[in-house]
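Here's the letter readout for the chains.
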Amino acid sequence: MTKTLLPAGCYDLLPPQARQESELSSALLSVFEGFGYEQVSPPLLEYSDSLLAGRGAALSPQIFRVMDPGAHKVMGLRADITLQIARIAVSRLAHAPRPLRLCYNGLILRMQGEALKDDRQLRQAGIELIGAATPEADAEVILVAAEALKRAGVTKLSIDLNLPGIVGSLLASEKLDNDQAQKLFAAVAHKDVSAIKGFSFGYRDSLIGLLQCAGPADAALAAMSRLELPESAKSQCRDLQEVVKILTQCGSKDWTLTIDATESRGLAYHSGISFSIFVPGVAFEVGRGGRYSIESGGGAASEATGFTLYVETLRGLLPEPKRGKRIFISEGISSKDAAKLRADGYVTVYALSEYGSGEEEARRLGCSYIYEHGKTKELK
């Protein structure tokens, strides 16, 4: 047999895991649709200037590019679906009533995996709530994510809430050159307080305070309320407080709510409240989401929020799927009788003359039952 080698971070899904992933995706979409989110399916390939427009530029390092031989234009393989949904919202569904609720399920491909997870082939399932800019909308998408995870059998959650735009609010009136800004943002990303102390700007102590108050939501909000912050940052904190209030009222005792205000994980297009969802025993997120702005062709912008669940990560949390009751059809059977067996929950596997038709062949094919002489017999 010729040895095959797949690209790093890509994989085949074999039975029964492929069926398990398909059923999981279907279950997640069923939850989304139950909350009023309608499914859309954007293409795997788009012209790169469309994929990378606006906030999509943040995805440029993750995009595989190919040439369209007909149009002589560069195309890109999507590395995320969220901004494709945004494109659909401002083009094909521009005149649809707002708020617009859309959901999706599909494969993406990235140039590189993440620090704790080297998969480059990922299946995303998620929702986008477009045209709503309130804490209620932010809380809604988190509650839908939690309900979808519950359908997948995951109830114990840690929801980490972030304000990726708050550092920019603290620096809005500062005159840092590009090199200084990059070094400061790197220090924030690494939670390097000593490095931040080496900078001189108005809200430096407040920034350090934000880094140090990360933790359980109630304690973090109390500590943030004592910091000196510009009005734009205070507004973000008030929205965050309202989201925590809604989640506390509507959520579950199995949830842990934490806040790390300065954290900015993953893709760089989030501008408001964002969040990551963790489950016990998994080192990386099972889902991620947050608020972002959508720019239309006319230059106007609207607000949206949503989340993505990583289906292959969720699949890894599920028990090994069981095969159905397989019955080996060793001799002729009418279509009506075969249909009745399937209606009774059997998987019908027909004998082929070149392989044989006895009990030994039935066992070889993983069957626990055999149909012969017009009767069903369980194999011992």
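Refer to the preceding data block for the structure.
The notes below deal with the structure included here.

Conventions adopted
- Residues numbered from 1 in each chain as written.
- Predicted model: local features only at pLDDT ≥ 70, side-chain atom pairs only at ≥ 80, totals over all residues.
- Heavy atoms only, no water.
- Pairing = 2+ DSSP bridges.
- Helix = DSSP H or I, 4+ residues; strand = E, 2+ residues; numbered from the N terminus.
- Axes fitted to C-alpha atoms, helices over the stretch in contact; angles between N-to-C directions.
- Contact = heavy atoms within 4.5 Å.
- Salt bridge = Lys/Arg side-chain N within 4 Å of Asp/Glu carboxyl O.
- Buried < 20%, exposed > 50% of the residue type's maximum accessible area, 1.4 Å probe, protein only.

Topic: the sheet that holds strand 16 (residues 375-378)
Then comes step 1: What the four strands build is an open sheet, ordered 14-13-15-16; its pairing is mixed. The open sheet has two free edges, formed respectively by strand 14 (346-350) and strand 16, since each of these has just one partner strand. When the angles between neighbouring strand axes are averaged without regard to direction, this sheet yields 30°.
Then comes step 2: Pairing analysis gives four bridges linking strand 15 (residues 369-372) to strand 16, with the strands arranged antiparallel. Along strand 16, the bridge assignment pairs tyrosine 369 with glutamate 378.
Then comes step 3: Strands strand 13 (325-329), strand 14, strand 15 and strand 16 of the sheet are contacted by helix 12 (residues 335-343), whose axis makes an angle of about 140° with strand 14.

What about the pattern of salt bridges?
Then comes step 1: Counted under the stated rule, the structure contains 19 salt bridges.
Then comes step 2: The residue aspartate 80 makes a salt bridge to arginine 110 at a minimum N-O spacing of 4.0 Å. On the criterion of sequence distance, the pair formed by aspartate 80 in the loop between strand 4 (73-77) and helix 3 (82-90) and arginine 110 in the loop between strand 5 (100-109) and strand 6 (121-130) is long-range, its members being 30 residues apart.
Then comes step 3: Here arginine 110 falls in the buried class, since its relative accessible area comes to 4%.
Then comes step 4: Here lysine 183 ties to aspartate 179 by a salt bridge, and the two come within 3.4 Å at their closest N and O atoms. Taken together, the residues lysine 183 and aspartate 179, both in helix 6 (residues 178-189) and four residues apart, mark about one turn of the helix.
Then comes step 5: The network of salt bridges with shared partners includes Glu21, Arg123 and Arg315.

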